[in-house]
Amino acid sequence: MTTDTQYAPGSYPDLPPPPSTVGVVGWLRANLFTNTTNTLLTVLALYILYVILPPVFSWVFFNANFIGDTRESCDGGGACWVFINSRLSQFIYGFYPEAERWRVDSTFYLLIALMIPMFMNSFRHKAWLGAFILFIYPVIGFYLLAGGVFGLVEVETTQWGGLSLTLIISIVGIVGSFPIGLLLALGRRSKMPAVSTFCTGFIELWRGVPLITVLFMSSVMFPLFLPEGVNFDKLIRALVGVTLFTSAYMAETVRGGLQAIPKGQYEGAEALGLSYWKSMSFIILPQALKHVIPGIVGNCIGLFKDTTLVLIIGLFDFLGIVQAATTDPKWLGFAVEGYVFCAFVYWVFCFSMSQYSQSIERKLHTGHKR
Amino acid sequence: MNETATGLQSKLEVSDEVIIEINDMHKWYGEFHVLKNINLSVQRGERIVICGPSGSGKSTLIRCINRLEEHQQGKIIVDGTELTSDLKHIEATRREVGMCFQHFNLFPHLSVLENCTLAPIWVRKMSKVEAEEVAMKYLERVKIPEQALKYPGQLSGGQQQRVAIARSLCMSPKVMLFDEPTSALDPEMISEVLDVMVELAEEGMTMICVTHEMGFAKKVANRVIFMDAGEIIEENEPLEFFDNPQNERTKLFLSQIIQH
């Protein structure tokens, strides 16, 4: 108390905080050793890590075998990554003919090349490029993969598989379901009874059935309703099913964001004379979508993992092909390596999506969250 | 703000041209009769202040003028266009009628400048450069050009309301509606907004303000309208209105707000 009086009123300086509340020591105190319970939990957690981590590391790295061609190379007692190595191209391309695999590569490289300018701030024609990617690229991609034109050998979709099939289904599903979901969300909130009834019915119908049912319907039931001779490709039917299924979830996620926009924003836009579509595109949706980025990315991650269900209609996605490889008599007994690798790849993709969504959130933050 | 009421009043002219005409207008919220038999004619250049106890329908009335609320009976004609459910007419009216809200309703995801240029670009079809010039002109008039690149969330309440006024002015409206523009502000920010509104009146803008700022009413308004329970109870010139209220309810209202 006495030290505080040495300053005249109005001249009290800014003092540094007490040393024990900042830096490493401050962090440790605040997060790990706040009180007895937390200290005990910290010690317990450290013990559990001590018990678990060394065997895991020695299985994955120290005792594992990475080099070789046959199962005889695996003698270290740890994981046998040789198995993954020797099957890697099959895991990526499925049963796609080996000589034609450059087509799969070029399809993905083309997409990446097209996407790069979209992330550059200086690129001016994003709208045109975006439209190209949305409408023209899928056609190019399809013919590149399926062939049958320009002298490309036809590759039936039943031969597609592996990680590339997983990516195709996910990308088509995500890109297709987003605009459909957006329209459904707007439609469900529409004042026109016909529109809102249709959208509500559509959403509730698709959300009410499991994805497996949708896939079964698309592959088994749907052809029965078609006239004889008319047939769509099994993969295309599955893609449509997955897209519509996800769009119902997208719609509800987006609608959640729309509900969160205060009435004043609609009125502010209306009072300026903006039409419905203009106020939606410039005022309401940009804010609503920003609120629901975590939900949208959640849907995308869910879809990415749900693609494994196409296995039941006879398409071999990434998980399917890994599973098939583990039953190969030459490599029996390495299922754990297969599944761990599979889990790791899925995790890398999902975690990247999650990180990307967080970076968008930071970029779009305009300081109005108080 | 020290200018005498008569001094400012005499400078402002009202033309004969009628810009808003409301005839026998009624509005219901479901069963509830909010606006009863409203008759109001506003000439170009008029500054009208509407006051009354809360729930008396004053906000609802001015929100009917740009059809943020729908009326069920009677006629509202704004600048020669009758407001019906015809969307084209509604949008045409909204282009000519600016509005400022109690809670500003700025667009938080757009910068101040973008808030001001959005409607001119997409509704008035101005070029971006031209719209930005106009926006900067009005932001200077409301005395915050230096905030143009900030986001609304970074401004104080008074600054936000001035941006909202500038945003409306960028559409060069024929009429400005103010719905309690100072009610959500901290006391020290009220005058900066009122100053802008006074200047606007001096430039001849037709204004209809719902407000409890009686000083502003005395200084700027050429007519004060008192509403209670959905009806226009009394209207008069400000001096007469405040010094010599006729209706009992007006007297009660004025005695209540002046006591505090």
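Residues numbered from 1 in each chain as written. Chains lettered and ligands numbered in written order. Predicted model: local features only at pLDDT ≥ 70, side-chain atom pairs only at ≥ 80, totals over all residues. Heavy atoms only, no water.

Observations regarding the overall build of chain A
And step 1. Scanning chain A from terminus to terminus reveals 14 helices and one strand.
And step 2. Computed over its C-alpha atoms, the radius of gyration of chain A comes to 27 Å, more than 25% above the 21 Å expected for a compact globule of 370 residues.
And step 3. Considered along the principal axes of its C-alpha atoms, chain A spans approximately 95 × 70 × 40 Å.
And step 4. Taken over 370 residues, chain A has a buried fraction of 39%.
And step 5. In chain A, 65% of the contacts between residues at least 6 apart in sequence involve partners at least 24 apart.
And step 6. Carbon and sulfur atoms make up 70% of the accessible area of chain A, which amounts to about 21500 Å² in all.
And step 7. One way to put it: in chain A the 23 positive side-chain charges average out to a point 12 Å from where the 21 negative ones average out. (Helix = DSSP H or I, 4+ residues; strand = E, 2+ residues; numbered from the N terminus. Rg over C-alpha atoms; globule rule 2.2 N^0.38 Å. Buried < 20%, exposed > 50% of the residue type's maximum accessible area, 1.4 Å probe, protein only. Contact = heavy atoms within 4.5 Å. Areas by Shrake-Rupley, 256 points an atom, 1.4 Å probe, with all protein chains shown as cover. Lys, Arg positive; Asp, Glu negative; His and termini not counted. Charge placed at Lys NZ, Arg CZ, Asp CG, Glu CD.)

Things to note about the environment of Val34(B)
And step 1. Among the structural elements, Val34(B) can be located in strand 2 (residues 32-43).
And step 2. With residues near it in sequence (within four places) discarded, Val34(B) still touches Lys27(B), Trp28(B), Tyr29(B) and Gly230(B).

Overview of unusual backbone geometry
Residues and elements named next belong to chain B.
And step 1. The phi dihedral of Asp79 falls on the positive side, at around 50°, and the residue is not glycine.
And step 2. A residue is classified by how much of its surface remains accessible, and Asp79, at 26% relative accessible area, is partly exposed.
And step 3. A positive phi angle, close to 65°, is found at Phe104, a residue other than glycine.
And step 4. Inspection of the secondary structure puts Phe104 in the loop between strand 6 (97-100) and helix 4 (112-122).

Description of the packing of helix 12 (residues 293-306) of chain A against helix 14 (residues 335-364) of chain A
Residues and elements named next belong to chain A.
And step 1. Remark: helix 12 packs on helix 14, axes separated minimally by 10 Å, with the N-to-C direction vectors making an angle of 165°. For the element pair helix 12 / helix 14, the angle class is roughly antiparallel. With respect to the hand of their crossing, helix 12 and helix 14 are arranged in right-handed fashion. Of the residues in helix 14, those in contact with Ile293, Pro294, Val297, Cys300, Ile301, Phe304 and Lys305 of helix 12 are Tyr346, Phe349, Cys350, Met353, Ser354, Ser357, Ile360, Glu361 and Leu364. (Axes fitted to C-alpha atoms, helices over the stretch in contact; angles between N-to-C directions. Parallel < 35°, antiparallel > 145°, perpendicular 65-115°, else oblique. Left-handed = near helix turned anticlockwise from the far one by under 90°.)

Regarding the state of the cysteines
What makes a disulfide is a covalent bond joining the sulfur atoms belonging to two cysteines.
All names here are of chain B.
And step 1. A complete count under the given rule lists zero disulfides over all chains for this structure.
And step 2. For the unlinked cysteine Cys170, the closest cysteine sulfur is that of Cys116, found at 4.5 Å.
And step 3. You can call Cys170 buried: its relative accessible area is 1%. (Disulfide = S-S within 2.5 Å.)

Focus: the interface of chain B and chain A
And step 1. If you look at the interface, chain B gives 26 residues, while chain A gives 22 residues.
And step 2. Across the chain B/chain A interface, buried area totals approximately 2100 Å², and carbon plus sulfur atoms make up 61% of it.
And step 3. Between chain B and chain A we count two salt bridges in total.
And step 4. Between Arg94(B) and Glu270(A) there is a salt bridge, with the nearest N and O atoms lying 3.5 Å from each other. (Buried area = accessible area lost by both parts, 1.4 Å probe. Salt bridge = Lys/Arg side-chain N within 4 Å of Asp/Glu carboxyl O.)

Let's talk about the side chain of Glu69(B)
All names here are of chain B.
And step 1. Mapped onto the elements of the fold, Glu69 is located in the loop between helix 2 (58-65) and strand 4 (73-78).
And step 2. In this structure Glu69 comes out as buried when scored by relative accessible area, which is 11%.
And step 3. Looking at Glu69, its side chain comes within polar contact range of the side chain of Tyr29, at 3.3 Å.
And step 4. In this structure the side chain of Glu69 is engaged in a polar contact, spanning 3.0 Å, whose partner is the side chain of Arg63. (Polar contact = N/O pair within 3.5 Å; in protein donor to acceptor, adjacent residues only side chain to side chain.)

What about the nonpolar core?
And step 1. Judged by nonpolar contacts, the single largest core of 83 residues is most densely connected at Phe83(A), Phe91(A), Trp160(A), Leu258(A), Ile283(A) and Phe318(A).
And step 2. Ranked by residues supplied to this core, first place goes to helix 9 (residues 234-259) of chain A with ten residues.
And step 3. When neighbours within four sequence positions are excluded, Phe83(A) is seen to be in contact with Phe91(A), Ala325(A), Thr326(A), Trp331(A), Phe334(A), Glu337(A) and Gly338(A).
And step 4. Counting 51 residues, the second largest nonpolar core, distinct from the first, contains Val142(B), Leu185(B), Leu194(B) and Leu254(B). (Core = buried A, V, L, I, M, F, W, Y, C linked by side-chain atoms within 4.5 Å.)

What about the confidence of the model for chain B?
Regions with low pLDDT carry predicted coordinates that are not meant to be interpreted in detail.
And step 1. This prediction gives chain B a mean pLDDT of 89; 95% of its residues lie at or above 70.
And step 2. Low pLDDT (under 50) marks residues 1-5 of chain B, which in the prediction has ten contacts with non-local residues, meaning those over four places away or in another chain. (pLDDT = per-residue confidence, 0-100.)

Points about the pattern of salt bridges
And step 1. This structure, assessed with the given rule, holds 22 salt bridges over all chains.
And step 2. Residues Arg207(A) and Glu252(A) are paired through a salt bridge, measuring 3.8 Å at the closest nitrogen-oxygen approach. Residue Arg207(A) is found in helix 7 (residues 193-207), and its partner Glu252(A) is found in helix 9; the two are separated by 45 residues along the sequence.
And step 3. Two residues, Arg223(B) and Glu46(B), come together in a salt bridge whose shortest N-O distance is 2.8 Å. Of the two residues, Arg223(B) sits in strand 9 (residues 223-228) while Glu46(B) sits in the loop between strand 2 and strand 3 (47-51), which places them 177 residues apart along the sequence.

What about the sheet that holds strand 2 of chain B?
Residues and elements named next belong to chain B.
And step 1. Here four strands make up an open sheet; going across it, the order is 2-1-4-5 and the pairing antiparallel. The open sheet terminates on both sides in strands that have one partner only, identified here as strand 2 and strand 5 (81-82).
And step 2. Here strand 1 (residues 18-29) runs beside strand 2; their pairing, made up of eight bridges, is antiparallel. In the strand pairing of strand 2, Met25 is matched with Ile38. (Pairing = 2+ DSSP bridges.)

A short note on the packing of aromatic side chains
And step 1. The full count for this structure, using the stated rule, is 17 aromatic pairs over all chains.
And step 2. Ring centres 5.7 Å apart and planes at 55° place the aromatic pair Phe318(A) and Tyr346(A) in the tilted group. A residue pair is termed long-range when its members are at least 10 positions apart, and Phe318(A) in helix 13 (residues 318-326) and Tyr346(A) in helix 14 qualify at 28 residues. Both residues of the pair, Phe318(A) and Tyr346(A), count as buried.
And step 3. Aromatic ring contacts, followed pair by pair, group Phe91(A), Phe304(A), Phe318(A), Phe341(A), Tyr346(A) and Phe349(A) into a single cluster.
And step 4. In this arrangement the basic side chain of Arg167(B) is found over the ring face of Phe107(B), its NZ or CZ atom lying 4.4 Å from the centre. (Phe/Tyr/Trp six-rings, centres within 6.5 Å; stacked < 30°, edge-to-face > 60°. Lys NZ or Arg CZ within 6 Å of the ring centre and 35° of its normal.)

A closer look at the packing of helix 6 (residues 162-188) of chain A against helix 9 of chain A
All names here are of chain A.
And step 1. Taken N-terminus to C-terminus, the directions of helix 6 and helix 9 make an angle of 45°; their axes are 5 Å apart at the nearest point. Put simply, helix 6 runs oblique to helix 9. Where helix 6 crosses over helix 9, the two elements pack in a sense that is right-handed.
And step 2. Taken together, the residues of the contact of helix 6 with helix 9 sort by class into 18 nonpolar, seven polar and three charged. (Nonpolar A, V, L, I, M, F, W, Y, C, P; charged D, E, K, R; others polar.)

Quick notes on the environment of Glu91(B)
And step 1. Looking at the element boundaries, Glu91(B) is found in helix 3 (residues 87-96).
And step 2. Taking the C-alpha atoms as reference, Glu91(B) lies 20 Å from Ala166(B); in sequence the two are 75 residues apart.
And step 3. Look past the residues within four positions of Glu91(B) in its chain and what remains in contact with it is Gly273(A), Ser275(A) and Tyr276(A).

Observations regarding the sheet that holds strand 3 of chain B
Residues and elements named next belong to chain B.
And step 1. The six strands are arranged 6-7-8-3-9-10 in an open sheet whose pairing can be described as mixed. Sheet topology places strand 6 and strand 10 (231-236) at the edges, where each strand pairs with a single neighbour. Taken pair by pair, the neighbouring strands of this sheet meet at an average axis angle of 20°, ignoring direction.
And step 2. Here strand 7 (residues 175-179) runs beside strand 8 (residues 206-210); their pairing, made up of five bridges, is parallel. Considered in strand 8, the bridge of Leu177 is made with Ile208.
And step 3. The sheet contacts of helix 6 (residues 157-169) involve strand 6 and strand 7, and relative to strand 6 the element is tilted by about 170°.

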